[in-house]
Each structure stands twice: as C-alpha cells, then as structure tokens.
Amino acid sequence: MTVAFLFMIFIILLLVGVPIAFSMGLSAVLILIVTSTVPLLVLPQRVFSSLDSFPLMAIPLFILAGSLMNVSGITTAIVRFASALIGHVKGGLGQVNILTSVLFSGISGSAAADVAAVGSMLLPAMKREGYKPEHSVAITAASAMLGPIIPPSLLMVLYGAMTGLSIGTLFLAGILPGLTLAAMLMIWVWITADRIGGTRHPRSSAGEIGRSFVVALPAMFLPVLIIGGIQSGFFTPTEAGVLAVFYALGFGIVTGKLHLGNTFRYFKEAMISTSSILIILGGAALFSWIIAREGFPAQLAQALLNLTEERHLALLLIIAALLVLGMFVETISALILVTPMLAPIAMAYGIDPIHFATVIIICVLLGSITPPVAIILILTCKIGEVPYARAIRPFMPYFLIILLGLLVVAFVPQVTLFIPRTFGGYDN
Amino acid sequence: MIPLRASLRRCAELFIAALGAAVVALFMAMVTLVFVQVVDRFIGIGWFWTEEVVRILLVWCVMVGLPVVLYRHEEILVDILSLSDAATRWRLRVAAVLSFAFLAILSWQGWTFTLRNAEFTSPSLGISRAWIYAPIPLGAALGCLALLIRAEDRAPGWPVLSKKPPNQDGSSGNMT
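Quantities reported herein were computed from a predicted structural model and do not represent experimental measurements.

K.L.:
Which parts of the structure should I look at to understand the packing of helix H16 (residues 311-326) of chain A against helix H17 (residues 331-349) of chain A?
P.N.:
When two helices pack together, you describe them by how their axes are tilted relative to each other and by the distance separating the axes. Residues and elements named next belong to chain A. Viewed as axis vectors pointing N to C, H16 and H17 meet at an angle of 175°, and their least axial separation amounts to 12 Å. Relative to H17, the element H16 lies roughly antiparallel. On H17, the residues touching Arg311, Ala314, Ile318, Leu322 and Leu325 of H16 are Ala334, Leu337, Val338, Leu342, Ile345 and Tyr349. Looking at the contact of H16 with H17 residue by residue, the class counts come to 10 nonpolar, no polar and one charged.

K.L.:
Got a minute to help me understand the interface of chain B and chain A in this structure?
P.N.:
Interfaces are often sized by the accessible area lost when the parts come together. Taken together, the 61 residues of chain B in the interface contact 68 residues of chain A. Viewed at the interface, chain A and chain B are joined by three salt bridges. The partner of A:Glu239 in a salt bridge is B:Arg41, and the shortest N-O contact between them spans 2.4 Å. Where chain B packs against chain A, one counts 10 residue pairs in polar contact (both at pLDDT 80 or more). Counting residues per element, the ones that place at least two in the side of chain B that touches chain A are helix H1 (6-43), helix H2 (50-71), helix H3 (85-117) and helix H4 (130-133) of chain B. Take the side of chain B that touches chain A: its biggest share by element is 15 residues, from H3(B).

K.L.:
Can you help me understand H17(A) in this one?
P.N.:
Along an α-helix, residues three or four apart share an orientation, since each turn contains 3.6 residues. Residues and elements named next belong to chain A. Helix length check: H17 (19 residues) gives 25 Å between terminal C-alpha atoms against 27 Å at 1.5 Å per residue, within 8%. Its maximal kink placed at Thr339, H17 deviates by approximately 50°, while the proline Pro340 follows within four residues. Summarising burial for H17: 14 of the 19 residues are buried, a large majority. Between a side-chain oxygen at the N-terminus of H17 and the backbone nitrogen of Ile332 the separation is 3.3 Å; the capping residue is Glu330. Directly beyond the C-terminal end of H17, a positive phi value near 65° is found at Gly350.

K.L.:
Would you explain unusual backbone geometry in this entry?
P.N.:
Excluding glycine, a negative phi dihedral is what most residues carry, and trans is how most peptide bonds are arranged. All names here are of chain A. The step from Pro151 to Pro152 runs through a cis peptide bond, and the omega angle for that step is -5°. Within the secondary structure, Pro152 sits in the loop between helix H8 (133-144) and helix H9 (154-163). Despite not being glycine, Glu385 shows a phi value in the positive range, around 55°. Looking at Glu385, the relative accessible area reads 64%, which means it is exposed.

K.L.:
Explain the nonpolar core to me, please; I cannot follow it from the model alone.
P.N.:
The nonpolar side chains of soluble globular proteins are, as a tendency, buried together. Grouped together as the largest cluster of nonpolar side chains are 215 residues, with contacts concentrated most on A:Leu158, A:Leu278, A:Ile376, B:Phe27 and B:Leu103. At 16 residues, the largest contribution of residues to this core is made by H2(B). Contact partners of B:Phe27, with chain neighbours within four places excluded, come to A:Met57, A:Pro60, A:Leu61, A:Leu64, A:Phe267, A:Ala270, A:Met271 and B:Cys61.

K.L.:
For this particular structure, what's the right way to read the environment of A:Gly261?
P.N.:
One can find A:Gly261 in helix H14 (residues 260-293). Owing to a relative accessible area of 41%, A:Gly261 belongs among the partly exposed residues under this scheme.

K.L.:
It is not clear to me how helix H1 (residues 2-16) of chain A should be interpreted in this structure. Could you clarify?
P.N.:
Spanning 15 residues, H1(A) covers 21 Å between terminal C-alpha atoms, matching the ideal 21 Å at 1.5 Å per step. Residues A:Thr2, A:Val3, A:Leu6, A:Phe10, A:Leu13, A:Leu14 and A:Val16 constitute the buried set of H1(A). One face of H1(A) carries all of its buried residues, which in axial projection span an arc of 160°. Tucked inside the fold, the buried residues of H1(A) contact helix H2 (20-35), H14, helix H15 (296-307) and H17 of chain A together with H3 of chain B. Trailing H1(A) by a residue or two, A:Gly17 shows a phi angle of about 110°, which is positive.

K.L.:
What am I meant to see in a nonpolar patch on the surface here?
P.N.:
A cluster of nonpolar side chains, namely A:Phe234, A:Phe246, B:Phe35, B:Val39, B:Phe42, B:Ile43, B:Ile45 and B:Trp47, defines an oily patch on the protein surface of about 760 Å² accessible area. With four residues, H1(B) is the single largest residue contributor to the nonpolar patch. Structurally, B:Trp47 can be placed in the loop between H1 and H2.

Cut-offs and rules
- Residues numbered from 1 in each chain as written.
- Chains lettered and ligands numbered in written order.
- Predicted model: local features only at pLDDT ≥ 70, side-chain atom pairs only at ≥ 80, totals over all residues.
- Heavy atoms only, no water.
- Axes fitted to C-alpha atoms, helices over the stretch in contact; angles between N-to-C directions.
- Helix = DSSP H or I, 4+ residues; strand = E, 2+ residues; numbered from the N terminus.
- Parallel < 35°, antiparallel > 145°, perpendicular 65-115°, else oblique.
- Contact = heavy atoms within 4.5 Å.
- Nonpolar A, V, L, I, M, F, W, Y, C, P; charged D, E, K, R; others polar.
- Salt bridge = Lys/Arg side-chain N within 4 Å of Asp/Glu carboxyl O.
- Polar contact = N/O pair within 3.5 Å; in protein donor to acceptor, adjacent residues only side chain to side chain.
- Expected span 1.5 Å × (residues − 1).
- Bend = angle between axes of the 7 residues up to and from the residue.
- Buried < 20%, exposed > 50% of the residue type's maximum accessible area, 1.4 Å probe, protein only.
- Core = buried A, V, L, I, M, F, W, Y, C linked by side-chain atoms within 4.5 Å.
- Arc of directions from axis to C-beta.
- Patch = residues over 30% accessible without salt bridge, like charges linked within 9 Å, V, L, I, M, F, W, Y side chains within 5 Å.
- Areas by Shrake-Rupley, 256 points an atom, 1.4 Å probe, with all protein chains shown as cover.

In structure tokens:
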C-alpha cells in the first residue's frame, strides 16, 4: 500500500513537471512523514551515502574525455578512416555513419554525445551527397544507441555503482552486443541502400586507408587504454577515466585545438552534466530506501515467480514493462528507478547478473528511441533539421532491428558473456 | 521566479558563474588527486587518504553544481502534459514551488545532520565530519536561491508569445 501511494505521488509530481530527482525525493519525504516515525534526518543521510562513491567519479571523467577528444578533431579523423574503409560499400555514407558510431563509442559513454558529434558532422555531408535527410537522421539516431553499449558507458558505471557489480566486467560484456547491433544495422542499410538515396564512394587505395588509419589511431587507442587498464588490474574505472582525460588533454594540446578558455569550459560542462545526472541518484536514494524497507523488490520477484517460473517469459515481461516505462521516462532516470527493484529478480530466476544488467541497460536505452518521446531521435532531428514527425516512419525499421538485437542479447547469454568469460576471467 | 532588474540579473549571472568556477576548481582537484593515487601505487608513498578526499569532493561538486543546473534550467524532467499556454505557465510555477519545498526540507534536515556530526572526526583525514556533510545543506540552499532568481521564461517548456503549443519534445536532458 505504502509503495502504491509512493508511486502515485511520484507520478503526479512528475506530470506537474517537477524534476525527476525532486519528484522522487519529495514523494518519499511525504510518505515518510505520513506513514512512519522515522526522523527526516534519514533524507540527507541517504542522499549523502548515494553520492559517496568512488566509481561514480568515472562519469564526469568519461564525459570530459569524450568532449576533449571531439573538439580536437578526432571525429573528423574517424569519419575519414571509416569512409576510406567502407565508403564504397552499398549504402555508402550510411555504412560510414554506423562504423563511425562504433569507433566513436570507444571514446564516448553516451548516446547524446554520439549524436552531437557524429550527427553534426555526417548529417550535412549525407545531405550534400543526396541522401534523404529523414533516412540519414534515422540511421544516426539508431547507431547512436551503440555509444552506451560499447564501453566506456555511463549507464554501466551507474549500474555498477548501484549494484556493486564490476564495472570492468560490464564494460567487457557490452562489446559483443554492441558489435552485433552494429552488424544488424549495417545489413539493413545494405538491403535498403536504394531507398535512402546517395551514391557510394569510389574504393579507396590501401595507401589512403593506411594514412587515414594512422590519423584516427588515437581514437582507437583510448578504449584500449581504458579497458586494458581496468582488465589488467592496474586501474579502477575511475583511474582509467583520469588517464583518458590526460590522454585527451595531451591529444588536444598536440593538435593545437585546446587552450585555457575552452578547456575550462569543457571541465565545467562535464561536471554540470554530471551534477544533473547524479542529483537524480541523490533524489532516488530515500525513494529506493522506502521501497526496500517495504520489501517491494522481493514482493515483485515473488509476484513474477507466481506468474511464471519460466525465466525467458519473465525476461520478456520485464523487457515489455521497461519499454513502456522508457516511453515516458528518460534513460538515466529510468535506470536509477528500476535497478534496485529489478536486480533481485535476476537472482530469483538464476539469471547471470552481468547478462541481466546488459539486458536492462539496452532496454532503458531503447526507451530513448521509443516514440512518442524518442528523445535521441528528437535530438538527431534537431541537428539534421528534419521535422520529428517525418523521421518517425523511416525510423521504425531501425527501431525494430534494435529491438530484435535486444531479444538476441536477452535470449542468447553467450553474446554478453563470451568476452567477459574468455578475456576477463569472469567465471559465473 | 522573481523578475530581476537588468543590474540584478547581471549579479545573478556572476554569482552562478562563480559557482561554476568553484565546481571546476573542485573537479580539477579531484582529477589531480586520482592521478596522484595512480602514481602513488607505483612509487608507494602511501597516501591512503586520496580516495576519501575524492569521494568527499564529488559530493561537493554535485551539490555546488546543482544551483548552476537549476539556474540554467538543465534539470532532467518529464514534459508530456500539453495544456493551454496559461495553464502551462502555472504548471511550471507549481513545479518550481514544489522543487523549492523539497530543497528547503533537504537543506534544513541536512543542516541538522551536519551539526550533529560536527563533533566527530573522519577516520583517515582527522577533520570534522561536518565538512563531509556540509555540501548537502549548502547545495540545497543555493538550489533554493537559484530557483528564486532564475528567469522562468527560459524554461524549455515555457510557452512563447507566438501562440505555439508548449514544447512537445518530451523530457529534457539527454546525457544517456
């Protein structure tokens, strides 16, 4: 009952337009005042303990490293390399767009960063070369999903910090699902190449490919540094984040694109973005505490077990519920909201926690491209100057492909677990 | 919420810029300390306190950054109700009042919590624990102030004069 009231107040506050962080915090405070004698002092205490975490520091670091690399012209270098490599393939710049996202994912941890960097460069280029803008926008928004799946990933850092799972293992787990999705998207672009317009580029010579590879190499070295550093046991994810920032600073100084003024600005923007993300974690702290105190996660798991003991069916139900949630609630908030409730379910069904985490993360991500509120598609439309309503139809096949990719990841655990088991010493 | 004259608006902007600069200073200190921690692992000075300081600084960064986020209307929210212009204006004002109420409670309780812990010292640093909890009431109070002095018509969903329907883009915020 308490939990039902808690959710009701939360949803009303959300609809009024109260920020998600405060909607959670205020509904929890009201419930606490009305239903219990626990002093309100528990509020600052919970807010503090949710933020008091060393791994969370990785979030501003990965945001900063990504934007520093981007301003230093690495995106141009990646696009050149991707176009030299596969610009001649059927689908031309559509394929280049996806490959660029794969490579850019290794330096960015978020879909929005991916759209901003890759979209602002490739959307005008695709328009110039005769690609239909609504199709270009659809490809860009779909391939941006790779950003938080292929490591580093802000969502994985958050999930790891909330559940205590190894962030390094989560990073490894995201690689193969990301590449699988990329391959599926590329096949679709290949099949529908005639519909999206544009022309292929002539095949590049080995020399051109080699030269563009060398220029783009710094981008590809960064994920190797991050993942290699964490896996070798030398660094924690946060320390790897700091090295990534130093690496990006060095790269920016060498390319002459960084000076004191813009460096200051990037530091500030990275931390302010982080603040807007982590305050949700703070606001959610008391909310989750009440939910846990009422025993709701266990009840939820039991209710699901009563409904079905079949783990695949349970996974399907969870996926469906998360997709509906994602239609209305933004990705990070959705993840913060559901993780404490869902993590016990994985245990009840004996689902591998790393596999389950990857499914949940792709699920909430899919929310960011689910109409009506497909925030990532909206953002891409703004950059590509295409009316949102016009992009929805061409986007639907891409949405379905990513959904199919999610089902593959959900029902073939090996896709997630192969790399952590083979290279990460994960033996669950 | 409160309309400011041009000169006061400039003061508000300066104040927010100063908070932003403070956030950058704290963030840079964190980056440096984590780097020191890595170096320390290889040369072994034994500065075991770096991790604790970084964690404290992160809480400071998030809470001091909060008023900047609110002043710039960058808080993450859901915006799916589409009402008339006048109703939307009032809806956003009610949302701001409720946000203010939450931050005021957090600030008040945070202050009490900080005072209660002031006499204890942190184990590895030997400083009063008040330093560790202080960013919560401070950030929440500054957040209240930011809600009061921010220009309400800069909100992404604020109806513009040209009779356009309220922003139907949905939720703002997109660092996913």
